Amino acid sequence: MIDLRRVSKSFRKDDETVDAVRDINLTIAQREIVAVIGPSGCGKSTLLNMIAGLYVPTSGQVFYKGARISDVNANVGYMTQKDNLLPWRTVCDNVAFPLELSGVARGERVERALGVINHVGLKGFEHRYPHELSGGMRKRVCLARMLLYGAETALLDEPFAALDAQLKLVMHDLLLRLANEAGQTVVLVTHDLMEAITLADRVLVCTRRPAKLALEQRIDLPRPRDVLNVRFTKEFKDLYDVLWERLRLEYQEDRL
Amino acid sequence: MTAPEADTSAGLDAQAGAGEGAPVAAGRGFLLLCQTILGIGLLALWQLASGRLVDSFFISNPVDVAQRLIGWIADGSIFLHIWATVYATLCGFVIGAAGGVILGIWLGVSPFTSRLLSPYLNALNALPKVALAPLFVLWFGLGIQSKVALAAVLVLFLVFLNTFAGVREVDQDLVDSARLMRASRFQVIAKVIMPSALSWVFAGLKISVPYALIGAVLGEMIAANRGLGYLVQYSGSQFDTAGVFAVLIVIALLAMGLNAFVDLIQNRMQRWRMTGR
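Keep in mind the model is a prediction, meaning the values are calculated, not measured.

Asks: Explanation requested: the overall build of chain A in the structure shown.
Replies: When its secondary structure is counted, chain A shows 8 helices and 10 strands. The C-alpha atoms of chain A give a radius of gyration of 19 Å, which matches the 18 Å a tight globule of 256 residues would have. Based on the C-alpha atoms only, the size of chain A along its principal axes is roughly 55 × 45 × 35 Å. Burial statistics for chain A: of 256 residues in total, 41% are counted as buried. Across chain A, the fraction of contacts at a sequence separation of at least 24, relative to all contacts at a separation of at least 6, is 70%.

Quick look at the structure:
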């Protein structure tokens, strides 16, 4: 469904060219959950920005359902470490924002928003403002908004990086449940190998900048996954070792 | 440009109160008493000095000033002038504010146009706007329009600069996320950029209110047949020092009234700002 063909991206800054992504070929199937892992600042986010149509590749093409992306790709929902909630709107109005943009009447959009807010476990917080919520709650608001918006594809850029380890697990569980229910395709960028293996059908290891694909590993752990206990299985450890073996090289070179 | 957080209204009162502990309530009554005594003392000094130390032609005296004020109030003529000035101030403020907000948003969202126009806008902004007054008299005549124009130009640049800065401060990630949710350009401006820049716009509106009054009074001083600016100019040209002082008192009261009005509105907006941050 998502197709990257020989995609490269470089940025110019003060007469200096920085290659962020080089020569990436990648095909992502519908309903697949793909995790892209690599050192911080290696150009993973640039990859997502190109799928979202926010960046134009320097060379190569990005296709979404067979059509070349030339403008903002409105089929995707984007979630980053930052919440991107509108601070002057309540939870309910934030979640209903995409419906408001497409002209859904107030009564209907509030009703639907309250439905998904309830579904992500935020009942009772509908009329709070984002700054009154904890980090985990704001993530739930983002997930609810993406859910209501009906995005076919969720692009997640280290969405849970700022959360503590336990809260992360809760959010992983919620994410897997929602993606499964909505039949979403998920592209997750992360630097957390545990997170990548727990969530994904396939993990891609990126090199340091410029990002190239170094290793591709299928994750054949059964679904639905128990996000807490899956990490204690032998299969998980084997996958972890294989991926870490390759990923380690990127960090070792870093130190030299 | 003034950041929304900047509080220009705190003034001396706030500093006077700071650092004192419990006896604030008692201190306030005492302060008021001292202020009143100081005022009466100064008036008495003025009255005594006039004609004895300084020629009363130059400084008049409080009794004459009060008589002049009472006379104007009794025959109602002062209200005609006050109304003319208030009207020009408000019209100028509204027109300038609307123009400044529209210009600020437009240039804020159009990087090319703003870079194209920036040297010209800088030149216009650096120009003392008061120097445009003769031009406005030529264009708009001696009536109220030329005063409105002068007030509007003063307000416009202040509001424009604040709005522009506010629009530039908008979080680009919020704009991108709205675009990914299929927001049109107009929706991005109306639902993301404008609410986000609102506190900056209000800061600009607040600081520009006194400038609207300055514009109106100056316009009236240059060429008019009514208004407080005209009255102070006319009194001066008649060597009527008491009249000049009387008008100055009215203008000061008017300015204080406008500032109090703005503070009132801002306090009501404070609720929004609490939730907006």
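Asks: When you look at the overall build of chain B in this model, what are you seeing that I'm missing?
Replies: Scanning chain B from N- to C-terminus turns up 12 helices and 0 strands. Of all 277 residues assigned to chain B, the portion counted as buried reaches 35%. Within chain B, residue pairs in contact and separated by at least 24 positions form 75% of the contacts whose partners lie at least 6 positions apart.

Asks: How should the domain arrangement of chain A be read in this particular structure?
Replies: Often, the extent of an interface is quoted as the loss of accessible area on bringing the components together. Residues and elements named next belong to chain A. Entries for chain A in the domain assignment read domain 1 (1-75 + 156-168 + 175-256) and domain 2 (82-151). The gap between the C-alpha centroids of domain 1 and domain 2 is 26 Å. At the junction of the two partners, domain 1 supplies 10 residues and domain 2 supplies 6 residues. For the side of domain 1 that touches domain 2, the class distribution of residues is 8 nonpolar, 2 polar and no charged.

Asks: Explain the interface of chain A and chain B to me, please; I cannot follow it from the model alone.
Replies: Each partner contributes residues to the interface: chain A has 18 residues there, and chain B has 15 residues. If you list the elements that add at least two residues to the side of chain A that touches chain B, you get β6 (76-80) and α3 (97-101) of chain A. Here the side of chain A that touches chain B takes 3 residues from α3 of chain A, the largest share from any one element. Here the side of chain A that touches chain B is composed, by residue class, of 14 nonpolar, 3 polar and 1 charged.

Asks: Explain the confidence of the model for chain B to me, please; I cannot follow it from the model alone.
Replies: Interpretation of this model should avoid reading the predicted coordinates in detail wherever pLDDT is low. Residue and element names in this part refer to chain B. For chain B, per-residue confidence averages 86 on the pLDDT scale, and 88% of positions sit at 70 or higher. Taken element by element, the predicted model of chain B shows its lowest mean pLDDT in helix α1 (residues 11-17) (46) and its highest in helix α5 (residues 77-109) (94). When the criterion is pLDDT under 50, residues 5-12 qualifies, and its contacts beyond four places in sequence or with other chains add up to 3 contacts. Among the scores for the predicted complex, ipTM is 0.82 and pTM is 0.76.

Asks: Whenever I open this one, the sheet that holds strand β5 (residues 67-68) of chain A confuses me. Can you help?
Replies: The strands making up a sheet associate through hydrogen bonds between their backbones, and the pairing can be parallel or antiparallel. All names here are of chain A. In spatial order, the strands read β2-β1-β4-β5; together these 4 strands make up an open sheet with antiparallel pairing. Single-partner strands in this sheet number two, and they are β2 (16-28) and β5. Bridge count between strand β1 (residues 2-13) and β2: 9 bridges; the pairing is antiparallel. Within β2, the position partnered with K9 by the bridge is V21.

Asks: Can you walk me through unusual backbone geometry in this structure?
Replies: Glycine aside, residues mostly have negative phi, and peptide bonds are mostly found in the trans state. Residue and element names in this part refer to chain A. The peptide bond linking R223 to P224 adopts the cis configuration, its omega dihedral lying at -5°. Looking at the secondary structure, you find P224 in the loop between β10 (213-218) and α8 (234-255). At N84, a residue that is not glycine, the phi angle is positive and equals roughly 55°. Looking at the element boundaries, N84 is found in the loop between β6 and α2 (91-95). Taking the number of C-beta atoms within 10 Å as the measure of exposure, N84 has 21 and is therefore buried.

Asks: What am I meant to see in the sheet that holds strand β7 (residues 153-157) of chain A here?
Replies: All names here are of chain A. Sheet architecture is open: 6 strands sit in the order β6-β7-β8-β3-β9-β10, paired in mixed fashion. Because the sheet does not close on itself, it has two edges, and the strands there are β6 and β10. Averaged over all pairs of adjacent strands, the angle between strand axes in this sheet comes to 15°, irrespective of strand direction. Relative to β7, β6 runs parallel, the two sharing 5 bridges.

Asks: Hey, could you run me through the domain arrangement of chain B in this one?
Replies: Residue and element names in this part refer to chain B. Taken domain by domain, chain B consists of domain 1 (22-55) and domain 2 (60-276). Domain 1 puts 4 residues into the contact, and the matching count from domain 2 is 4 residues. Looking at the side of domain 1 that touches domain 2 residue by residue, the classes come out as 2 nonpolar, 2 polar and no charged.

Asks: Would you mind going over helix α1 (residues 44-51) of chain A with me for this structure?
Replies: Quick reminder: α-helices carry 3.6 residues per turn. Residues three or four places apart thus point the same way. All names here are of chain A. A large share of α1 lies buried, amounting to 8 of its 8 residues. Listed as buried for α1 are K44, S45, T46, L47, L48, N49, M50 and I51. Just beyond α1, the residue with positive phi is G53, at close to 80°.

Asks: Explain helix α5 (residues 135-149) of chain A to me, please; I cannot follow it from the model alone.
Replies: Residue and element names in this part refer to chain A. Helix length check: α5 (15 residues) gives 21 Å between terminal C-alpha atoms against 21 Å at 1.5 Å per residue, within 8%. Of all 15 residues in α5, 12 are buried; the element is thus mostly enclosed. Taken residue by residue, α5 has R138, K139, R140, V141, C142, L143, A144, R145, M146, L147, L148 and Y149 as its buried positions. Of the residues one or two after α5, G150 is the one with positive phi, at around 70°.

Asks: Just to check I follow, could you spell out the confidence of the model for chain A for this structure?
Replies: When pLDDT is averaged across chain A, the result is 87; 98% of the residues are at 70 or more. Least confident of the elements in chain A is α8 of chain A, whose mean pLDDT is 82; most confident is α2 of chain A, at 92.

Asks: Just checking my understanding: could you explain the environment of K237 of chain A for this structure?
Replies: Residue and element names in this part refer to chain A. Considering the arrangement of structural elements, one finds K237 in helix α8. Exposure remark for K237: the 12 C-beta atoms within 10 Å place this residue in the exposed category. Sequence separation between K237 and C42 is 195 residues; the distance between their C-alpha atoms is 25 Å.

Asks: Where do I start with the packing of α5 of chain B against helix α10 (residues 185-222) of chain B in this structure?
Replies: If you want to describe how two helices pack, look at the angle between their axes and the distance between the axes. Interhelical geometry of α5 of chain B versus α10 of chain B gives an angle of 145° and a closest axis separation of 7 Å. With respect to the hand of their crossing, α5 of chain B and α10 of chain B are arranged in right-handed fashion.

Asks: Explanation requested: the environment of L231 of chain B in the structure shown.
Replies: Residues and elements named next belong to chain B. Of note, L231 is situated in helix α11 (residues 228-237). Separated by 65 residues in sequence, L231 and G166 have C-alpha atoms that sit 39 Å apart. In this structure L231 touches H81 and V247, once residues within four positions along its chain are discounted.

How each quantity is defined
Residues numbered from 1 in each chain as written. Chains lettered and ligands numbered in written order. Predicted model: local features only at pLDDT ≥ 70, side-chain atom pairs only at ≥ 80, totals over all residues. Helix = DSSP H or I, 4+ residues; strand = E, 2+ residues; numbered from the N terminus. Rg over C-alpha atoms; globule rule 2.2 N^0.38 Å. Buried ≥ 20, exposed ≤ 12 C-beta atoms within 10 Å, placed from the backbone. Contact = placed C-beta atoms within 7 Å. Domains from an automatic or database assignment. Nonpolar A, V, L, I, M, F, W, Y, C, P; charged D, E, K, R; others polar. pLDDT = per-residue confidence, 0-100. Pairing = 2+ DSSP bridges. Axes fitted to C-alpha atoms, helices over the stretch in contact; angles between N-to-C directions. Expected span 1.5 Å × (residues − 1). Left-handed = near helix turned anticlockwise from the far one by under 90°.

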